[in-house]
Amino acid sequence: YLARQEQTESNARSYPRGLPIAIERGQGSFVRDVDGNVFIDFLAGAGVLSLGHNHPELVAAMVDQLGVLTHGLDFPTPAKAAFVEAQLAMLPPTMRERTKIHFCGPTGANAVDAAIKLCKTATGRGDVVSFQGGFHGATATAMALTGLVAQKSPVANGLPGVHFFPYSSCTRCPLGLRPDTCATNCVEYLERSLRDPNGGLPLPAAVILELVQGEGGVIPARPEFVRRVRALTAELDIPLIVDEVQTGCGRTGTWFAFEQYGIEPDVVVASKALSGVGAPVAVILYDRKLDAWKPGSHTGTFRGNQLAFAAGVEAVRVIERDDVLGNVRRRGEQVSKRLAEIAWHPAVRDIRGLGLMWGIELTDAPDGTPAPELAAKVRDSVLHEGLILELGGRDDRVVRLLPPLNVTAEVVDMACDILIGVLGRLGL
Ligand code: PMP
């Protein structure tokens, strides 16, 4: 399979490029490869499989829907209506009434595009503020907003009118400050630039922000940073788009990460885990005050995936019933405690995370050059011992943990034992 894939598929494909296994079956937090080897899956379809592989109730919901209706375009259908109600019910009560949903499908990047288009239409403005190190997807617009430069090279240039500002990434502070003594100065440059009418920056149509940069290396934003971005955008009447493609649907321990930051965005972008099973669906949830779209002005074919809707409704029901968000918080604490065991290691520069999104940043070589091969070595070694992990961040030097949200304490321990063991034996 691997040799044939190498021959037939482009090498531009995503993560599993670095994981030389062909997988055949998945169950819960485990996958089995075609040779019968079993792996703990802490990639979970890039955060998509929130309830693990083949959750029986989600499978049953899809099977029930299968003989009824599979594709409904933009028609109202019972499956879609149930999905919309389930999604709105997960929002904080203060947002429910003023929120509208738009189906953008099929992928997260499509929803990012839609969010930008909506804000441009609503404000009549053209520029967008984004943040260094962020990732928003691989379409032309989403890629142009992506500050994780390695992801876009060698595609030179982006779109005109995209402005990048420093993110609160304290391990590698863009201003060279130390987190314990700084005053979240990173956001001050944005405040000054946007408030200064002669600053050369036109008032933007939107500010787009990840609350935890995922692909960027699992970097939770400082709460003060997020609060000031929200206050600034509210003051200047700039719509704030929060990209919750990766952080959403429970990944950080609340349904959306913005709840933990004590803010309410104007537009939320959600996709990955919305169906819980990998059936594609992507939406924006937006304040109806922005609803300046003319009828039919943002369309597309694949927005009516009834299987995704059926599974998504069931996913919300199971997550609520089984207190999966509580599990995310408890397992997150467990991961944090376990990873602290390896913090002493000279190759470990930082350990960061929120909920069930964790990253271990490995350090540079002593001469200061990045050492992505160190992280690749960890990924390869843990795979050899039965654990699937992927890399992210600048120069791919962050080892990332993205398990299913219903992962058990035992499986977390098994995975941490493997990872800590491998890191402990890592030569420098
Ligand atoms: N935004 C964020 C924060 C993401 O993490 C991703 C995917 N990793 C995207 C957007 C793009 O989503 P998709 O790959 O489904 O287009």
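Located above this text is the structure these notes cover.
Residues numbered from 1 in each chain as written. Predicted model: local features only at pLDDT ≥ 70, side-chain atom pairs only at ≥ 80, totals over all residues.

Enquirer: Can you tell me about the site of the ligand, naming the residues and giving the values?
Expert: The environment of the ligand is made up of 15 residues, and the closest members are T107, G108, A109, G137 and V245. Counting residues per element, the shell around the ligand draws most heavily on helix α6 (residues 108-123), which supplies three residues. In terms of residue class, the shell around the ligand is made up of five nonpolar, seven polar and three charged. (Near = placed C-beta within 6 Å. Helix = DSSP H or I, 4+ residues; strand = E, 2+ residues; numbered from the N terminus. Nonpolar A, V, L, I, M, F, W, Y, C, P; charged D, E, K, R; others polar.)

Enquirer: Please set out the sheet that holds strand β6 (residues 162-165) residue by residue, giving values where relevant.
Expert: Think of a sheet as strands paired side by side through backbone hydrogen bonds, with each pair either parallel or antiparallel. Ordered by their spatial adjacency, seven strands build an open sheet running β4-β12-β11-β10-β7-β5-β6, and the pairing between neighbours is mixed. Every interior strand has two partners, whereas the edge strands, β4 (99-103) and β6, have only one. Neighbour to neighbour, the strand axes of the sheet diverge by 20 degrees on average, direction disregarded. The pairing of strand β7 (residues 206-209) with strand β10 (residues 240-243) spans three bridges and is classified as parallel. Across the sheet, residue V207 finds its bridge partner in β10, namely L240. Where α6 meets the sheet, it contacts β4, β5 (128-131), β7, β10, β11 (267-270) and β12 (283-287), and its direction lies at approximately 165 degrees from that of β11. (Pairing = 2+ DSSP bridges. Axes fitted to C-alpha atoms, helices over the stretch in contact; angles between N-to-C directions. Contact = placed C-beta atoms within 7 Å.)

Enquirer: Tell me about unusual backbone geometry, and name the residues and values.
Expert: Phi is positive for A44, which is not a glycine, with a value near 45 degrees. Among the structural elements, A44 can be located in helix α2 (residues 44-47). We note that V218 has phi near 55 degrees; this positive angle belongs to a residue other than glycine. Take V218: it is sitting in the loop between β8 (212-213) and β9 (219-220).

Enquirer: Mind laying out the packing of helix α12 (residues 324-340) against helix α14 (residues 409-424), listing which residues take part and the relevant values?
Expert: Where α12 contacts α14, the axes come no closer than 10 Å and their chain directions differ by 25 degrees. Taken together, the axes of α12 and α14 lie roughly parallel to each other. Judged by the twist between their axes, the crossing of α12 over α14 is right-handed. Note on element contacts: α14 touches α12 through A409, V412, C416 and I420, opposite R331, Q334, V335, R338 and L339. For the contact of α12 with α14, the per-class residue count stands at six nonpolar, one polar and two charged. (Parallel < 35°, antiparallel > 145°, perpendicular 65-115°, else oblique. Left-handed = near helix turned anticlockwise from the far one by under 90°.)

Enquirer: So what's going on with the sheet that holds strand β2 (residues 30-33)? Residues and values would help.
Expert: Taken in spatial order, the four strands of this open sheet run β1-β2-β3-β15, and their pairing is mixed. Taken across any chain shown, the strands that pair with only one partner, and hence form the sheet edges, are β1 (23-27) and β15 (387-388). Inspection of the sheet shows β1 paired to β2 by four bridges, in the antiparallel sense. Looking at β2, one finds that R25 is bridged to R32.

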